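A look at the structure
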Amino acid sequence: MSLVEELDRLTRPGDLGEKVDDSSVRCLACAHTCLIRDGQRGVCKIRFNRDGKLQVPWGYVSSIQVDPIEKKPFYHFLAGSDALTFGMLGCNLQCDYCQNWLTSQALREEDSERLSGIIRKISSDEIVEYGKQYGADVVASSYNEPLISSEWARDIFIKAGQAGLKQVYVSNGFATPDVLDYLKPVIQGFKVDLKTMQDDHYRDLGGRLQPVLDSIQYAHQLGLWVEIVTLIVPGFNDSPGELADIAGFIQSVSPHIPWHVTAFRPDYKMMDKPRTSAAQLLTAVDIGKKQGLNYIYAGNMPGSVGKYENTICHNCQSSLIDRRGYLILKYRITAEGTCPDCETRIPGVWTEHPERIHTAGPGFPRVI
Ligand code: SF4
């Protein structure tokens, strides 16, 4: 059986679609809002119309493992916790510099059959059971774009919530209000890539800027804990003006939203650009500070960016969490989520059991 046939069998009718006529449906799971006629596929290639019904992924993962939540990255959502993370296949965007392109661009690349065998059938109960067995605090949908398999994620997340785990999305944010409303009851954290502030650059990646900005604002308005990542790609989005625009937009939503500026390495179809240097990340940090952001982190260069891996109280400047890469070296936020020195409430979602945070490094990832 080919990969496409296998994936098409692992589907069921989806919730996030509306009937347009007897044979056509409109998918509402992402901002493409594809009009899909009978027998056709959406832009993501994963959701399709069979006999007038929208079919969506169900009952499999392409990978599942336990990661530190810092890897997502979430630095203000149960920092120091373990996240049972599952990935599927496919994406609604087509970024030339994708660092997960093997799975995200499945079904688009001509040789995607090389992924045959990667599919693992699994039930939502089994996923949650793994979470409990491995002592995870969070279940995360990540590695590819989770929006395109939101019905399946929702099923897992409902059961994870019943088991006492929290739930997060690691998304490109090219979402609709419909999908955010659908997810709101079952997720608490939403990490978004804000890749550029230039609409034409977003179009080069297969998307548009405005829906991403709208989704960040709406997710924040819904009360989800939002963190933003910008992969700093030299020559693509690293001009001081563009970085100031990104930081200024985040600040306009909330100065407390963490902004992660992370280092690019050449990958996939973008091999002509250099790696991001530590100095370029630190320039982005400075720009973010000037725009009034309280929490800016430099990522993908452990040990090279000084204190900008650490969480520092925005009120008294005490160091609250010291990190090296994904490793927590020191954790001082109280069980009430406050700074122990000035008692300021630190924005985010924090463990009520700081004594359980392991600071020695448990040896990640743990592949299941
Ligand atoms: S998830 Fe997005 S790309 Fe995929 S079918 Fe739905 S609207 Fe189209």
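Because the structure is a prediction, the values reported are computed rather than measured. (Residues numbered from 1 in each chain as written. Predicted model: local features only at pLDDT ≥ 70, side-chain atom pairs only at ≥ 80, totals over all residues. Heavy atoms only, no water.)

**Some details on the site of the ligand**
Lining the immediate environment of the ligand, one finds Cys27, Ala29, Cys30, His32, Thr33, Cys34, Ile36, Gly42, Val43, Cys44, Arg47 and Ile148. Classifying every residue of the shell around the ligand by side-chain character gives eight nonpolar, three polar and one charged. (Near = heavy atom within 4 Å. Nonpolar A, V, L, I, M, F, W, Y, C, P; charged D, E, K, R; others polar.)

**Focus on the domain arrangement of the protein**
By the assigned domains, the protein splits into domain 1 (3–57) and domain 2 (60–362). Computed over C-alpha atoms, the centres of domain 1 and domain 2 are 27 Å apart. In this complex, domain 1 contributes 21 residues to the contact, which on the side of domain 2 involves 30 residues. Between Arg47 and Glu151 there is a salt bridge, with its nearest N and O atoms 2.9 Å apart. Those elements that provide at least two residues to the side of domain 1 that touches domain 2 are helix H1 (3–9) and strand S6 (53–57). Top contributing element to the side of domain 1 that touches domain 2 by residue count: H1, with four residues. Grouping the amino acids of the side of domain 1 that touches domain 2 by side-chain chemistry returns 14 nonpolar, three polar and four charged. (Domains from an automatic or database assignment. Contact = heavy atoms within 4.5 Å. Salt bridge = Lys/Arg side-chain N within 4 Å of Asp/Glu carboxyl O. Helix = DSSP H or I, 4+ residues; strand = E, 2+ residues; numbered from the N terminus.)

**Observations regarding the sheet that holds strand S18 (residues 319–324)**
Pairing in this open sheet of three strands is antiparallel, and the strands run S17-S18-S19 from one edge to the other. Each having just a single partner strand, strand S17 (311–312) and strand S19 (327–331) make up the two edges of the open sheet. (Pairing = 2+ DSSP bridges.)

**Some details on helix H4 (residues 150–162)**
In this model H4 runs 18 Å from its N-terminal to its C-terminal C-alpha over 13 residues, within 8% of the 18 Å that 1.5 Å per residue would give. The set of residues buried in H4 consists of Ser150, Glu151, Trp152, Ala153, Asp155, Ile156, Phe157 and Ala160. Of the residues flanking the end of H4, it is Gly164, one or two places downstream, whose phi is positive at about 90°. (Expected span 1.5 Å × (residues − 1). Buried < 20%, exposed > 50% of the residue type's maximum accessible area, 1.4 Å probe, protein only.)

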